[in-house]
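In case you want the letters, here they are:
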Amino acid sequence: MKTLDQLSFKNKKALIRVDFNVPLDDNKKVTDTTRILAAKPTIDHILAEGGSCILMSHLGRPKGIDPELSLGLIAKTVAEILGTEVIFAKDSVGEDAQTKAANLTPGQVLLIENLRFHAEETKGDETFAKALSTLGDIYVNDAFGTAHRAHASTAIIASYFPDNKCFGSLLEQEVKAIEKVLNSDDRPVLAILGGSKVSSKITIIENILDKIDDLIIGGGMAYTFIKAQGGKIGDSICEDDYLAYTLELIEKAKEKNVNIHLPIDVQSTTDFSNETPITVRDITEIPDGSQGLDAGPASLKKFESVVMNAKTILWNGPLGVFEFSNFATGTKALGTIIAESTKKGAFSLVGGGDSVAAVKQFGFEDQVSYVSTGGGAMLESLEGKNLPGIAALLD
Ligand code: AMP
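The model shown is predicted, which means the values in this text are computed figures rather than measured ones.

Some words on the overall build of the chain
- From N to C terminus, the chain includes 14 helices and 17 strands.
- Radius of gyration (C-alpha) of the chain: 23 Å, near the 21 Å computed for a compact globule of 395 residues.
- With the C-alpha coordinates of the chain rotated into their principal frame, the extents come out at 70 × 45 × 35 Å.
- Considering only intrachain contacts with a sequence separation of at least 6, the fraction spanning at least 24 residues in the chain is 73%.
- Total accessible area on the chain stands at roughly 16500 Å², and carbon and sulfur atoms take up 48% of it.
- The centroid of the 39 positive side-chain charges in the chain is displaced by 3 Å from the centroid of its 54 negative side-chain charges.

What about the site of the ligand?
- As a matter of local geometry, the ligand sits amid 15 residues, with Ser196, Gly220, Gly292, Glu323 and Asp354 nearest to it.
- One nitrogen or oxygen atom from the main chain of glycine 220 is found 3.1 Å from a nitrogen atom belonging to the ligand.
- The protein chains hide 81% of the 510 Å² of surface that the ligand would expose on its own.
- A class-by-class count of the residues in the shell around the ligand yields 5 nonpolar, 7 polar and 3 charged.

Examining the packing of aromatic side chains
- The tally for this structure, following the rule as stated, stands at 5 aromatic pairs.
- For the pair tyrosine 139 and phenylalanine 161, a centre-to-centre distance of 5.9 Å together with 25° between the ring planes defines the contact as stacked. On the criterion of sequence distance, the pair formed by tyrosine 139 in strand 5 (residues 138–141) and phenylalanine 161 in the loop between strand 5 and strand 6 (165–167) is long-range, its members being 22 residues apart. Assigned by exposure class, tyrosine 139 and phenylalanine 161 land together as buried.
- In this structure an aromatic cluster arises from ring pairing among Phe272, Phe324 and Phe327.

A few points about the environment of threonine 122
- Here threonine 122 lies in helix 4 (residues 120–123).
- The exposure class of threonine 122 is partly exposed, given its relative accessible area of 40%.
- If we ignore the near neighbours within four places in the chain, the residues touching threonine 122 are Arg116 and His151.
- For threonine 122, the side chain forms a polar contact with the main-chain oxygen of alanine 119, separated by 3.4 Å.

Section: the domain arrangement of the chain
- According to the domain assignment, the chain contains domain 1 (4–169) and domain 2 (183–382).
- Spacing between the C-alpha centres of domain 1 and domain 2 amounts to 37 Å.
- For the pair domain 1 and domain 2, the two sides together bury roughly 600 Å², of which 62% comes from carbon and sulfur.
- Looking only at domain 1, the three residues that lose the most surface to domain 2 are Thr34, Phe144 and His148, adding up to 73% of its buried area.
- Where domain 1 packs against domain 2, one counts 0 salt bridges.
- Inspection of the domain 1/domain 2 interface yields 0 residue pairs in polar contact (both at pLDDT 80 or more).
- Residue composition of the side of domain 1 that touches domain 2, grouped by class: 2 nonpolar, 3 polar and 2 charged.

Overview of the pattern of salt bridges
- Taken as a whole and assessed by the stated rule, the structure comprises 14 salt bridges.
- When the shortest N-O distance is used, the salt bridge between arginine 17 and glutamate 121 registers 3.6 Å. Of the two residues, arginine 17 is situated in strand 1 (residues 13–17) and glutamate 121 in helix 4; the sequence distance between them amounts to 104 residues. This pair shows no difference in class: arginine 17 is buried, exactly as glutamate 121 is.
- For glutamate 383, the salt bridge is made with lysine 385, and the minimal N-O distance between the two is 2.9 Å.

Thresholds, definitions, all that
Residues numbered from 1 in each chain as written. Predicted model: local features only at pLDDT ≥ 70, side-chain atom pairs only at ≥ 80, totals over all residues. Heavy atoms only, no water. Helix = DSSP H or I, 4+ residues; strand = E, 2+ residues; numbered from the N terminus. Rg over C-alpha atoms; globule rule 2.2 N^0.38 Å. Contact = heavy atoms within 4.5 Å. Areas by Shrake-Rupley, 256 points an atom, 1.4 Å probe, with all protein chains shown as cover. Lys, Arg positive; Asp, Glu negative; His and termini not counted. Charge placed at Lys NZ, Arg CZ, Asp CG, Glu CD. Near = heavy atom within 4 Å. Polar contact = N/O pair within 3.5 Å; in protein donor to acceptor, adjacent residues only side chain to side chain. Nonpolar A, V, L, I, M, F, W, Y, C, P; charged D, E, K, R; others polar. Phe/Tyr/Trp six-rings, centres within 6.5 Å; stacked < 30°, edge-to-face > 60°. Buried < 20%, exposed > 50% of the residue type's maximum accessible area, 1.4 Å probe, protein only. Domains from an automatic or database assignment. Buried area = accessible area lost by both parts, 1.4 Å probe. Salt bridge = Lys/Arg side-chain N within 4 Å of Asp/Glu carboxyl O.

This is the structure:
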């Protein structure tokens, strides 16, 4: 893995694929700067070494040129975060970008227009990738969020920099965090999977079973396991097509000496709503007309001992419908326990969609070892897939 410190950026123009796909409000103001902040260490490193930076990214899913999704809208925010002027090129290729890139001097930053204004970007077009490549001397990929896409700027472009390409520090951290969890000698290794569906996590479970010691299954996923084993789950979310599969999985886990930990009790209600009376019930005795929307106190106690005993922890997916404040208790409590275990020395990685949102919402971001910035890319990594953006850097 070639990293930033293995290349010299002095007097070089670094063409950096960043992930500035940030949310904008109705006034086109950036509402969450996490992704820009996440790219700052790489940009700072290159500028401090006497290089210049050409930043390229996509924003949203434009169909052709769309002023509402111009990266020009975020140039000021990028400049504020970097603490330096940001020059903007009104296209990602062509004369304006070429001239501005050619005139860039050490210490300067150029942001080029939304790559996806060209359909060639997502098609992984060679000619477009080649045109982009002429802008810089060194290619740096720091966009973990798009590393699972074989797009022109994330993968195809790398072949034009056979000796001058490297991981940005964010991408390096993401890859190392996943490695640390999936190839860890710090045992027990625990994976906590929650969220709504078993079906969306099958490939992950299959891939990680060989690498973990304990598996906590929580959230909506758990009910399919409970029903498959003969429990009464009432109206709780369940995938009947996967009942047989979950039984197979339980057997597979036994063969591999992986302990599966399921919830014991739940916070149940009669309506899928926040404003409804809650009853704590045994997860195997939920009557028809009721459904479990969060983990109960006995489940949390059971999970606590597993989490506190773990040396390596992966968390993906909430333990309940955390979007409803009254059913966020389990997810919040799990965050607290993971934070405690981390304080005690465990390595904890939170990754993939809703658990990241939960960790941020409940303020645990700084109390776990690593929070991944890439939803789909993280999930595909956990599924054991080779991400094109990473493979292209390793070629
Ligand atoms: P996923 O995208 O598969 O990770 O699932 C995340 C979603 O699962 C969140 O929106 C949660 O509200 C939902 N979820 C978690 N637990 C339950 C449950 N017991 N019943 C219904 N939905 C749930």
